[in-house]
Amino acid sequence: ILAAKIMTTCQSAQSVKHYSAPIAEALRVSLIKSFVSAFEAPPAFSKPFYKRNNISLNDLNSFICVFGRQVYGSLSLSCPTGLIHPKVTELFGTGSPDIQSQLVGDYVGELLNQVAGAFKLALIDQGVIVYIGLPVHLSEGRRSVPHQAASSVLCLPFKVAEADCYLEVCLGQLTAPSHQV
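This is a predicted model, so every value here is computed, not measured. (Residues numbered from 1 in each chain as written. Predicted model: local features only at pLDDT ≥ 70, side-chain atom pairs only at ≥ 80, totals over all residues. Heavy atoms only, no water.)

Enquirer: Can you lay out the pairing of strand β8 (residues 163-173) for me, pointing to particular residues and giving the numbers?
Expert: Burial analysis of β8 places nine of its 11 residues in the buried class, which makes it a mostly covered element. When strand β4 (residues 71-79) meets β8, the two strands line up antiparallel, connected through eight bridges. Its bridge partner being in β8, serine 76 is matched across the sheet by glutamate 168. Pairing of strand β7 (residues 153-160) with β8 involves seven bridges; the strand directions are antiparallel. For valine 160, the partnering residue across the bridge sits in β8 and is alanine 163. (Buried < 20%, exposed > 50% of the residue type's maximum accessible area, 1.4 Å probe, protein only. Helix = DSSP H or I, 4+ residues; strand = E, 2+ residues; numbered from the N terminus. Pairing = 2+ DSSP bridges.)

In structure tokens:
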């Protein structure tokens, strides 16, 4: 059922509720697991919405590709520096600004990797086989996120420790190859 809903709704922003319900639930569960583990507090979710552009909504952004035989696309996680930097300092101590910047980016990437892994397992449970790439940290600052599908970008806003964070999902349906004679 989840696979069918993803396939029929990824290409259109006609029904946010229809698209967001099955996808958002799997993503919410994976966000809760990842962020409770990292910040010892569950995220507080806001209403999902479709973005009108690919500009990130925060200054720290990571991106990961999702691909398979039925569906392809990407996930993106954006968090404010004020949330991530103290956590990285707590875990690794202080270091040079270059090392600290790299660790902050890697930390956001690892959070996204955990979310994407749990999302992958949820899709597999529904019969949709997907693979995930390695997380890529985009430069700090609000940047264009290179989503991999030409469909709408579903954004799941949430708060952790009073910080606004955003998970974006952009999925497209693969069409069966045509058989040429």
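Enquirer: Help me get a handle on the environment of proline 42, residues and values and all.
Expert: With respect to the helices, strands and loops of the structure, proline 42 is situated in the loop between α2 (16-39) and β1 (44-45). Residues proline 42 and lysine 159, 117 residues apart in the sequence, show an inter-C-alpha distance of 8.7 Å.

Enquirer: Can you break down the pattern of salt bridges residue by residue, with the values?
Expert: Counted by the stated rule, this structure contains three salt bridges. The salt bridge involving lysine 51 is made with glutamate 168; its shortest N-O contact spans 2.8 Å. Residue lysine 51 is located in strand β2 (residues 49-51), and its partner glutamate 168 is located in strand β8; the two are separated by 117 residues in the primary sequence. The pair formed by lysine 51 and glutamate 168 is uniform in burial state, with each residue classed as buried. Salt-bridge contacts for lysine 159 lead to aspartate 164; the nearest nitrogen and oxygen are separated by 2.7 Å. Judged by its relative accessible area of 34%, lysine 159 is partly exposed. In this structure aspartate 164 comes out as partly exposed when scored by relative accessible area, which is 36%. (Salt bridge = Lys/Arg side-chain N within 4 Å of Asp/Glu carboxyl O.)

Enquirer: Got a sec to walk through the packing of aromatic side chains? Specific residues and values, please.
Expert: All chains considered together, the criterion is met by five aromatic pairs. Arranged with centres 6.0 Å apart and planes meeting at 50 degrees, the rings of phenylalanine 45 and phenylalanine 158 form a pair that is tilted. Residue phenylalanine 45 is found in strand β1, and its partner phenylalanine 158 is found in strand β7; the two are separated by 113 residues along the sequence. Look at phenylalanine 45 and you get partly exposed, because its relative accessible area is 27%. With a relative accessible area of 2%, phenylalanine 158 lands in the buried category. Aromatic rings pair up to connect Phe35, Phe39, Phe45, Tyr107 and Phe158 into one cluster. Over the ring of phenylalanine 39 we find lysine 87, and its NZ or CZ is 6.0 Å from the ring centre. (Phe/Tyr/Trp six-rings, centres within 6.5 Å; stacked < 30°, edge-to-face > 60°. Lys NZ or Arg CZ within 6 Å of the ring centre and 35° of its normal.)

By themselves, these observations are geometric and do not establish any function.
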